[in-house]
Amino acid sequence: MDFVKFSLSGFDEFLVYAGLAVAFIYIFMILYLWVTPYNELKLIKDGNIAAALSLSGAVLGFTFPLAMTIYQAVHPWDMMLWAVIAGAVQLLVYVAVRYSLLNVTRRIPDGQIATGVVLAAISIAAGILNAACMTY
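About the thresholds
Throughout, residues of each chain are indexed from 1 in the direction in which the sequence is written. The model is predicted, so local features are restricted to residues of pLDDT at least 70 and side-chain atom pairs to those at 80 or more, both for listing and for counting; the totals for chains, interfaces and linings are taken over all residues. Remark: hydrogens and water are excluded; side-chain values derive from all non-hydrogen atoms of the structure. We call a set of buried residues a nonpolar core when its members are Ala, Val, Leu, Ile, Met, Phe, Trp, Tyr or Cys and they connect through side-chain atoms within 4.5 Å of each other. Think of it in three bands: residues with accessible area under 20% of the maximum for their type are buried, residues over 50% are exposed, and the middle band is partly exposed, with areas taken using a 1.4 Å probe on protein chains only. Each helix is a run of DSSP H or I of at least 4 residues and each strand a run of E of at least 2, with the numbering of both proceeding from the N terminus. Whether two residues touch is decided by their heavy atoms; if any such pair falls within 4.5 Å, the residues are in contact. Classification of ring pairs rests on two measures: the distance between centres of Phe, Tyr or Trp rings, Trp counted by its six-membered ring, which must be within 6.5 Å, and the angle between planes, read as stacked under 30 degrees, edge-to-face over 60 and tilted in between. To count toward a patch, a residue needs a relative accessible area over 30% and no salt bridge; like charges are then connected within 9 Å, while nonpolar side chains (Val, Leu, Ile, Met, Phe, Trp, Tyr) are connected within 5 Å. Areas reported here follow the Shrake-Rupley algorithm with a probe of radius 1.4 Å; residue values treat only the protein chains shown as occluding. Whenever a carboxyl oxygen of Asp or Glu lies within 4 Å of a side-chain nitrogen of Lys or Arg, that contact is scored as a salt bridge. Between the first and last residue of a helix there are one fewer steps than residues, each counted as 1.5 Å, and that sum is the expected span. In the analysis that follows, any N or O atom pair within 3.5 Å is treated as a polar contact, provided that within protein one partner can donate a hydrogen and the other can accept it, and provided that, for residues neighboring in sequence, both atoms belong to side chains. What counts as an axis is a line fitted to C-alpha atoms, over the stretch in contact for a helix, and the angles between N-to-C directions run from 0 to 180 degrees. By the definition adopted for this analysis, an angle is roughly parallel if under 35 degrees, roughly antiparallel if over 145, roughly perpendicular if from 65 to 115, and oblique otherwise. Residues are grouped as follows: Ala, Val, Leu, Ile, Met, Phe, Trp, Tyr, Cys and Pro are nonpolar; Asp, Glu, Lys and Arg are charged; every other residue, Gly included, is polar.

Draft legend 1. View of the nonpolar core. Formed by 32 residues in total, the largest nonpolar core has its most connected members in Phe24, Tyr32, Met79 and Ile108. Elements that contribute at least two residues to this core include exactly α2 (11-35), α4 (49-72), α5 (76-100) and α7 (113-133). With residues near it in sequence (within four places) discarded, Met79 still touches Tyr17, Leu20, Ala21, Phe24, Leu66, Thr69, Ile70 and Ala73.

Here's what the structure looks like:
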């Protein structure tokens, strides 16, 4: 019976961090969809691949630093603080790209896949760098 007890040690922490991660991804998606000037979910439902790529890239870009916050956290509050920072950085990346580079407000709704790919790649790259900066 000691094996069962040992193998389940830390399960409560797993549940806390997994639940927080799901909640933060959900909150991030709500905020990201609010920041985009077009209805990304409707575009995706209508088969817009550019919108699907850009949203997927943003979520992945947020998930990398979120995973690092879980890995580095000393307490759930620590994880939550850094998750907020990670989300803010990711949202700022979208805003920077939106206003400086790609005219995404027109190209994503028009279904220009190349723009969706570039936006996704920038989001993922920013997320990887964001995660790397969170090591201590």
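So much for the structure itself; the text now carries on.
Draft legend 2. Examining the packing of aromatic side chains more closely. Under the defined criterion, the tally for this structure stands at 4 aromatic pairs. Measuring from centroid to centroid gives 4.5 Å for Phe28 and Phe62, while their planes differ by 10 degrees, and the two rings are stacked. With Phe28 in helix α2 and Phe62 in helix α4, this residue pair connects regions lying 34 residues apart in the sequence. A relative accessible area of 3% places Phe28 in the buried class. When its relative accessible area of 1% is taken as the criterion, Phe62 is described as buried. The structure contains a cluster of three or more aromatic residues connected by ring pairs, namely Phe28, Tyr32, Phe62 and Tyr94.

Draft legend 3. A look at a nonpolar patch on the surface. On the surface, a cluster of nonpolar side chains totalling about 590 Å² of accessible area is made up of Tyr26, Ile27, Ile30, Leu31 and Trp34. Counting through the fold element by element, Trp34 comes out in helix α2. Taking relative accessible area as the criterion, Trp34 reaches 71% and is therefore assigned exposed.

Draft legend 4. Representation of the side chain of Ser54 within the structure. Among the secondary structure elements, Ser54 is positioned in helix α4. In this view, Ser54 contacts Tyr32, Glu40, Ile108, Gly116, Leu119 and Ala120; residues no more than four positions away in its chain are not counted.

Draft legend 5. How the structure looks around α4. The terminal C-alpha atoms of α4, which comprises 24 residues, lie 35 Å apart, in line with the 34 Å expected from a rise of 1.5 Å per residue. Measuring from the side-chain oxygen of the N-cap residue of α4 to the backbone nitrogen of Ala50 gives 3.0 Å; that N-cap residue is Asn48.

Draft legend 6. Summary view of the environment of Asp78. Among the secondary structure elements, Asp78 is positioned in helix α5. Measuring from C-alpha to C-alpha, the distance between Asp78 and Ser7 comes to 26 Å, with 71 residues separating the pair along the chain.

Draft legend 7. Layout of the packing of α4 against α7. In the contact formed by α4 and α7, the axes pass within 7 Å of each other and the chain directions differ by 5 degrees. Considering their axes alone, α4 and α7 lie roughly parallel with respect to each other. When α4 is examined against α7, the residues Ile49, Ala50, Leu53, Ser54, Gly57, Ala58, Leu60, Gly61, Phe64, Pro65 and Met68 are found in contact with a partner set consisting of Ile113, Gly116, Val117, Leu119, Ala120, Ser123, Ile124, Gly127, Ile128, Asn130 and Ala131. Here the residues of the contact of α4 with α7 sort into 15 nonpolar, 7 polar and no charged.

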